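# Remarks on the overall topology
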Amino acid sequence: MATKTKLSKLKSDVCDVCIVGAGPAGSSTAYYLAKQGKNVVLLEKEKFPRRKICGDAVSLRAQMHLERMGVLQEILEEKKGRWAAVGGLVSPRRISYIDNSAQEIGSHLMIAIKREILDEKWLELLNKKERNWLKNIK
Ligand SMILES: Cc1cc2nc3c(=O)[nH]c(=O)nc-3n(C[C@H](O)[C@H](O)[C@H](O)COP(=O)(O)OP(=O)(O)OC[C@H]3O[C@@H](n4cnc5c(N)ncnc54)[C@H](O)[C@@H]3O)c2cc1C
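Residues numbered from 1 in each chain as written. Predicted model: local features only at pLDDT ≥ 70, side-chain atom pairs only at ≥ 80, totals over all residues.

Below, the discussion takes up the site of the ligand. Around the ligand, a shell composed of 16 residues is seen, among which Gly21, Gly23, Ala25, Gly55 and Ala57 lie nearest. Elements supplying a minimum of two residues to the shell around the ligand: helix 2 (24-35) and strand 2 (40-44). With three residues, the top contributor of residues to the shell around the ligand is helix 2. Of the residues belonging to the shell around the ligand, the class tally is eight nonpolar, four polar and four charged. (Near = placed C-beta within 6 Å. Helix = DSSP H or I, 4+ residues; strand = E, 2+ residues; numbered from the N terminus. Nonpolar A, V, L, I, M, F, W, Y, C, P; charged D, E, K, R; others polar.)

It is worth spelling out the confidence of the model for the protein at this point. The pLDDT averaged across the protein works out to 82; a share of 83% of its residues lies at or above 70. Looking across the protein, the model is least confident in strand 8 (residues 134-136), with a mean pLDDT of 46, and most confident in helix 4 (residues 71-77), with 95. Confidence over residues 133-138 falls short of pLDDT 50; this stretch has 19 contacts with residues more than four positions distant or in other chains. (pLDDT = per-residue confidence, 0-100. Contact = placed C-beta atoms within 7 Å.)

The next subject is the sheet that holds strand 7 (residues 110-113). Pairing is antiparallel across the open sheet formed by three strands, whose spatial order is 3-7-4. The open sheet terminates on both sides in strands that have one partner only, identified here as strand 3 (57-58) and strand 4 (81-84). (Pairing = 2+ DSSP bridges.)

The end-to-end C-alpha separation of helix 2 is 16 Å, in line with the 16 Å expected for twelve residues at 1.5 Å each. Within helix 2, the full set of buried residues consists of Ser27, Ala30 and Tyr31. One side of helix 2 carries all its buried residues, which in axial view fall inside an arc of 100°. (Expected span 1.5 Å × (residues − 1). Buried ≥ 20, exposed ≤ 12 C-beta atoms within 10 Å, placed from the backbone. Arc of directions from axis to C-beta.)

This next bit is on the pairing of strand 2. Side chains of strand 2 alternate between two faces, with Val40, Leu42 and Glu44 buried and Val41 and Leu43 left unburied. With four bridges joining them, strand 1 (residues 17-20) and strand 2 adopt parallel strand pairing. Within the sheet, the bridge partner assigned to Ile19 lies in strand 2 and is Leu42. Note on the crossover from strand 1 through helix 2 to strand 2: the handedness is right-handed. (Right-handed = clockwise from strand over helix to strand, strands pointing away.)

Attention now goes to the nonpolar core. Generally speaking, soluble globular proteins have nonpolar side chains that are buried together. In terms of nonpolar packing, the biggest core is built from 17 residues, with Ala30, Leu42, Val58, Leu66, Val71, Trp122 and Leu126 touching the most fellow members. Breaking this core down by element, the ones donating at least two residues are helix 2, strand 2, helix 3 (60-69), helix 4, strand 7 and helix 6 (115-129). Residue-level mapping places this core at the junction of two domains, with at least three residues from each of domain 1 (1-51 + 118-138) and domain 2 (57-113). (Core = buried A, V, L, I, M, F, W, Y, C linked by C-beta atoms within 7 Å. Domains from an automatic or database assignment.)

On any regular strand, side chains alternate: one points to one face of the sheet, the next to the other face. Counting buried residues along strand 5 (residues 86-90), only zero of its five residues qualify, which leaves the element largely exposed. Where strand 5 lies against strand 6 (residues 96-100), five bridges are found, and the strand directions are antiparallel. Following the sheet pairing, Val86 is matched in strand 6 by Asn100. Counted between consecutive antiparallel strands, the loop separating strand 5 from strand 6 contains five residues, among which Arg94 sits at a positive phi close to 70°.

Looking at where Val17 falls in the secondary structure, it is placed in strand 1. The exposure class of Val17 is partly exposed, given the 13 C-beta atoms found within 10 Å. For the pair Val17 and Ala34, spaced 17 residues apart in sequence, the C-alpha separation works out to 9.4 Å. When residues no more than four places from it in sequence are discounted, the contact partners of Val17 are Leu33, Lys38 and Val40.

Dropping the structure here:
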């Protein structure tokens, strides 16, 4: 009987997937795998929220995933994102291409969300959905 209990405890400690790094790639992979019923452990060496050098621009395709996760809606409600319609490139020789996506396609292509905010929202989501997923190793 004691061996049986030990064995079932051992089984519950075994994960299907172990992901190292809770950035956008690791967090969203963890989210989708856990949604499919996989037992996921996500390891992160930093303490969140942490500063991350980034341009903070979230593309249309990434917005779609954030929306599926319910993260984008929360960020918009809390007014923590800024839509950007005008953008482009300026080369060192000052050749530039700047355009307005809202005029071209009728919607904003980018939203700027600080990484500290995005990472914190992911962390909240992962802890909320499956409390024992996130094993912060630091
Ligand atoms: C200057 C700059 C500007 C950028 N601007 C933009 C932009 O505007 N828009 C855009 O979409 N992208 C931008 N990027 C790119 C974007 O930051 C990356 O594509 C994105 O962060 C990659 O996500 P990731 O999850 O793969 O990696 P990361 O975000 O780097 O996450 C990896 C995580 O793994 C953790 N980790 C690493 N090693 C270990 C370990 N051994 N154990 C545990 N944890 C570990 C790290 O702490 C980190 O949290 C920019 C990048 C830079 C450098």
